[in-house]
Amino acid sequence: MQRAAAAPRRVKAVQRLIAGWAVLAVCEQQRGPCRLTSLLLRFKDEPLDLDPPFHPDRFLYSATMDWAMDSFSVDATAQAGCVADKVPFRAIPVPKGELHEVEVFARVADVEQRQPYAVKVRRLEGTETDLIALRVLGAALSPQFAGDLRSYTAALGVGQDFARF
């Protein structure tokens, strides 16, 4: 008797599953798979440039953080009828000189099938730039300027209260 009662429940569950697949198939035919409509990376309110620029049909990106930026946030929006999934809700810290990869998804609300979007974010160390010259007016620079040197002392002349770079 219990077995006979369980069979109609299983049949109804299979029917719901098939109906869900049919709705998904119709949606896929009408508008294609779910896509993000926007993907933004930012440090506080300062945007980070995606490379290449965002396009819903492009799924792999990179971005570079300035050495002074210590974290980044992700903002993503999915097309109508879909949801943006696994979008971090907190800023992601990135140590100087390191790389962090984040993956967000666009998917139909009640379906596991999803479209991944991956971004590799690299934070600069702060040593990636080189000076070609350094002059300090009103002071003597020690040691003499050299492009590979990162530390100098500027000694003000007698009667000088300030120096100009």
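Residues numbered from 1 in each chain as written. Predicted model: local features only at pLDDT ≥ 70, side-chain atom pairs only at ≥ 80, totals over all residues. Heavy atoms only, no water.

The share of residues in the protein chain with pLDDT of 70 or more is 79%, and the mean pLDDT across the chain is 83. Contacts for the low-pLDDT stretch residues 21-30, under 50 throughout, to residues beyond four places or in other chains number six contacts. (pLDDT = per-residue confidence, 0-100. Contact = heavy atoms within 4.5 Å.)

Let us look at the sheet that holds strand E7 (residues 99-108). Overall, mixed pairing links the four strands, which are arranged E3-E8-E7-E5 in an open sheet. Among the strands making up the open sheet, the edge pair consists of strand E3 (60-65) and strand E5 (82-85). Each adjacent strand pair in this sheet contributes to an overall mean axis angle of 20°, direction not counted. Here E5 runs beside E7; their pairing, made up of four bridges, is antiparallel. Following the sheet pairing, valine 83 is matched in E7 by arginine 107. (Pairing = 2+ DSSP bridges. Helix = DSSP H or I, 4+ residues; strand = E, 2+ residues; numbered from the N terminus. Axes fitted to C-alpha atoms, helices over the stretch in contact; angles between N-to-C directions.)

Right, let's talk about the packing of aromatic side chains for a bit. Aromatic rings in a pair are described by how distant their centres are and how their planes are angled relative to each other. According to the stated counting rule, one finds four aromatic pairs in the structure shown. A ring pair is formed by phenylalanine 54 and tyrosine 117, whose centres lie 6.2 Å apart and whose planes are at 40°; its orientation type is tilted. Placement of the pair is phenylalanine 54 in the loop between strand E2 (46-48) and E3 and tyrosine 117 in strand E8 (residues 114-123), with a sequence separation of 63 residues. Taking relative accessible area as the criterion, phenylalanine 54 reaches 23% and is therefore assigned partly exposed. (Phe/Tyr/Trp six-rings, centres within 6.5 Å; stacked < 30°, edge-to-face > 60°. Buried < 20%, exposed > 50% of the residue type's maximum accessible area, 1.4 Å probe, protein only.)

Take a negative patch on the surface next. On the surface, Glu46, Asp66, Glu125 and Glu128 cluster together into a negatively charged patch. Here glutamate 46 is to be found in strand E2. For glutamate 46, a relative accessible area of 43% puts it in the partly exposed group. (Patch = residues over 30% accessible without salt bridge, like charges linked within 9 Å, V, L, I, M, F, W, Y side chains within 5 Å. Areas by Shrake-Rupley, 256 points an atom, 1.4 Å probe, with all protein chains shown as cover. Salt bridge = Lys/Arg side-chain N within 4 Å of Asp/Glu carboxyl O. Lys, Arg positive; Asp, Glu negative; His and termini not counted. Charge placed at Lys NZ, Arg CZ, Asp CG, Glu CD.)

As a further point, take unusual backbone geometry. Of the consecutive residues aspartate 51 and proline 52, the connecting peptide bond is found in the cis state with omega at -5°. Along the chain, the position of proline 52 falls in the loop between E2 and E3. Residue proline 143 is reached from serine 142 by a cis peptide bond, and omega for that bond is -10°. Relative to the elements of secondary structure, proline 143 occurs in the loop between strand E9 (139-142) and strand E10 (153-156). Unlike most non-glycine residues, lysine 44 shows phi in positive territory, near 55°. By the secondary structure assignment, lysine 44 is in the loop between strand E1 (36-43) and E2.

Now for the sheet that holds strand E4 (residues 71-78). In spatial order, the strands read E2-E1-E4-E6; together these four strands make up an open sheet with antiparallel pairing. The open sheet has two edge strands with one neighbour each: E2 and strand E6 (92-93). Sheet analysis places E1 next to E2, joined by three bridges and oriented antiparallel. In the sheet register, phenylalanine 43 faces E2, and the bridge partner there is glutamate 46.

In this section: the state of the cysteines. Going through the model one piece at a time under the given rule, you end up with one disulfide. Between the sulfur atoms of cysteine 34 and its disulfide mate cysteine 82 the distance is 1.9 Å. Between cysteine 34 and cysteine 82 the disulfide shows an S-S torsion of about -80°. By sign, it is left-handed. Pair noted here: cysteine 34 is in the loop between helix H1 (2-31) and E1 and cysteine 82 is in strand E5, with a separation of 48 residues, a long-range link. Judged on exposure class, the residue cysteine 34 and its partner cysteine 82 are both buried. (Disulfide = S-S within 2.5 Å.)

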